[in-house]
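Each chain is listed here by its residues.
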There are 2 protein chains.
Amino acid sequence: MSTEQKKRVAGKHAQEVDKIEVSGAVIRRLPRYFRYLRELLRQDKMRVSSAELSRMMGVTASQIRQDLNCFGGFGQQGYGYNVPYLYSKICELLGVDSDVRAIVIGAGDLGRALVRSPMFEKRGIQVLAMFDIAPEQIGREIAGVKVRSMNELAAYCKKHQVDMAVLTLPKESVEEVAEQLSGYGVQAFWNFTSKEIKLGDGNAIIENVHLGDSLMVLNYRLARRRAEEKEPN
Amino acid sequence: MSTEQKKRVAGKHAQEVDKIEVSGAVIRRLPRYFRYLRELLRQDKMRVSSAELSRMMGVTASQIRQDLNCFGGFGQQGYGYNVPYLYSKICELLGVDSDVRAIVIGAGDLGRALVRSPMFEKRGIQVLAMFDIAPEQIGREIAGVKVRSMNELAAYCKKHQVDMAVLTLPKESVEEVAEQLSGYGVQAFWNFTSKEIKLGDGNAIIENVHLGDSLMVLNYRLARRRAEEKEPN
């Protein structure tokens, strides 16, 4: 998308997003549609039926129709969905390319992995800087993003508008740092420490990521399979 | 836990787990209980009321009673829950310490971050080895785990019983490698590539992790907040 297009989408988003009420459960499913539609676009597919989408995504066609109806339902009988249109609508609804500026706290393995992935760019999020306390990290560049000292954090946030902080620091200091950042005007937190944070003013937007929970579900399913194999009756 | 205790739990698990039918939604919530109960144990708290647990976890007390009732409900009126007992029951149900052996494919930033985290150890999962194709990675040790060449993968899996593979390789080769591993008897896959894998025999247990989806939900909530601030009516 060009900068002009981005601005248009961002502007439109601000105007339209609050007119559409979509449930939390649907919002959690929309990123999957985003991924699959993006893939269809890459393959130059311009239309898709709910049956095809259903096969690709492993969700029932009726679930798909229901989800997409939630925000206006753009399918046409006998034609299916217009892929670029549906993609742009989902981007708009999810606030893709709405000019979000992020920093990453912690330049360890995980922080680096995140910054090197195309994840932020794909969603139109700009990573401005990384911060760390380890002298051997400070001054490095990860995928074009400079690692700065935590001592610079306050000054940096005052100078640049920072909307989002990605927290990959040790859990012992996560709450203190997040409170600080919140004081500097950071509104959204993507928290990778295993500690769920609650901030004082109650206004912060927080996504706690617990990778261990997903590992545990996998482990459970494996243990269950083994138990079934042992006692088939 | 001692090895003896572990063996006991694993044995018990195999006997009991298939007697309890718990819904997928509850299973997805249990790892949170695991985390909070673990934290209470660390603080030497031996009992907890559903009201306290509710405050800690930000879930209603009735939801907690309902979840825990699903697998036998161990709370007592006026006493609350016995923390070590509840913890051990949840561990058992989730198959913690049931002697799972994992390998990690890909020794890049993400693979290293995962192996260095205490995630596996906390759930009693043993990481046997990492595999990569990059000559500069091969031979390294990450948290005591050796990085081996992908050329050794087949022989290694034949020699050692591998139950689980953590997939942090480029998405272009993920399906091929997962099929291979499945052929070597690997049953469970923790997939970090953005490509959702489906394996030929349909028997594999797969958890696809999409970090980008969580980022997108955060981004959505931020965009929505901004839109609300712009147009308060």
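Only a predicted model underlies this, so the values are computations on that prediction, with no experimental measurement involved.

### Brief notes about the environment of B:Phe34
1) Next: For B:Phe34, the position within the fold is in helix α2 (residues 24–42).
2) Next: When the C-alpha positions of B:Phe34 and B:Glu92 are compared, they lie 11 Å apart, and in sequence the two are 58 residues distant.
3) Next: In this view, B:Phe34 contacts A:Met216, B:Tyr87, B:Ile90, B:Cys91, B:Leu94, B:Val96, B:Lys122 and B:Arg123; residues no more than four positions away in its chain are not counted.

### What about the nonpolar core?
1) Next: Counting residues in each nonpolar core, the largest one holds 54 residues, and the members touching the most others are A:Leu114, A:Trp190, A:Leu211, B:Leu114, B:Trp190 and B:Leu211.
2) Next: The residues contacting A:Trp190, other than those within four sequence positions of it, are A:Leu114, A:Met119, A:Phe120, A:Ala165, A:Val166, A:Leu167, A:Glu207, A:Val209, B:Leu211, B:Ser214, B:Leu215 and B:Leu218.

### Description of the confidence of the model for chain A
Residue and element names in this part refer to chain A.
1) Next: Summary statistics for chain A give a mean pLDDT of 86 and a share of 87% for residues scoring 70 or more.
2) Next: Note on residues 5–18: pLDDT is under 50 here. Beyond four places in sequence and across chains, it has 27 contacts.
3) Next: Taken together, the chains of this predicted complex give a pTM of 0.83 and an interface ipTM of 0.83.

### Observations concerning the pattern of salt bridges
1) Next: In the structure shown here, the tally under the stated rule is 32 salt bridges over all chains.
2) Next: Ionic pairing is found between A:Lys195 and A:Glu175, a salt bridge with its closest N-O pair at 3.8 Å. Taken together, the residues A:Lys195 in the loop between β8 (188–191) and β9 (205–208) and A:Glu175 in helix α9 (residues 174–183) connect sequence positions 20 residues apart.
3) Next: A:Lys195 sits in the partly exposed class, given a relative accessible area of 34%.
4) Next: For B:Lys45, the salt bridge identified is with B:Glu52, shortest N-O distance 2.6 Å.
5) Next: B:Lys45 sits in the partly exposed class, given a relative accessible area of 28%.
6) Next: Residue B:Glu52 is classed as partly exposed on the basis of its relative accessible area of 25%.
7) Next: The structure contains a network of salt bridges with shared partners spanning A:Asp109, A:Arg112, A:Arg116, B:Asp109, B:Arg112 and B:Arg116.

### A look at the packing of helix α3 (residues 50–57) of chain A against helix α4 (residues 61–69) of chain A
Residues and elements named next belong to chain A.
1) Next: At a minimum axis distance of 8 Å, the contact between α3 and α4 shows a crossing angle of 110°. With respect to each other, α3 and α4 are oriented roughly perpendicular. Packed against α3, whose contacting residues are Ser50, Ala51, Leu53 and Ser54, the element α4 presents Ala61, Ile64 and Arg65 at the interface.
2) Next: Among the residues forming the contact of α3 with α4, the class breakdown is four nonpolar, two polar and one charged.

Conventions we followed
- Residues numbered from 1 in each chain as written.
- Chains lettered and ligands numbered in written order.
- Predicted model: local features only at pLDDT ≥ 70, side-chain atom pairs only at ≥ 80, totals over all residues.
- Heavy atoms only, no water.
- Helix = DSSP H or I, 4+ residues; strand = E, 2+ residues; numbered from the N terminus.
- Contact = heavy atoms within 4.5 Å.
- Core = buried A, V, L, I, M, F, W, Y, C linked by side-chain atoms within 4.5 Å.
- Buried < 20%, exposed > 50% of the residue type's maximum accessible area, 1.4 Å probe, protein only.
- pLDDT = per-residue confidence, 0-100.
- Salt bridge = Lys/Arg side-chain N within 4 Å of Asp/Glu carboxyl O.
- Axes fitted to C-alpha atoms, helices over the stretch in contact; angles between N-to-C directions.
- Parallel < 35°, antiparallel > 145°, perpendicular 65-115°, else oblique.
- Nonpolar A, V, L, I, M, F, W, Y, C, P; charged D, E, K, R; others polar.

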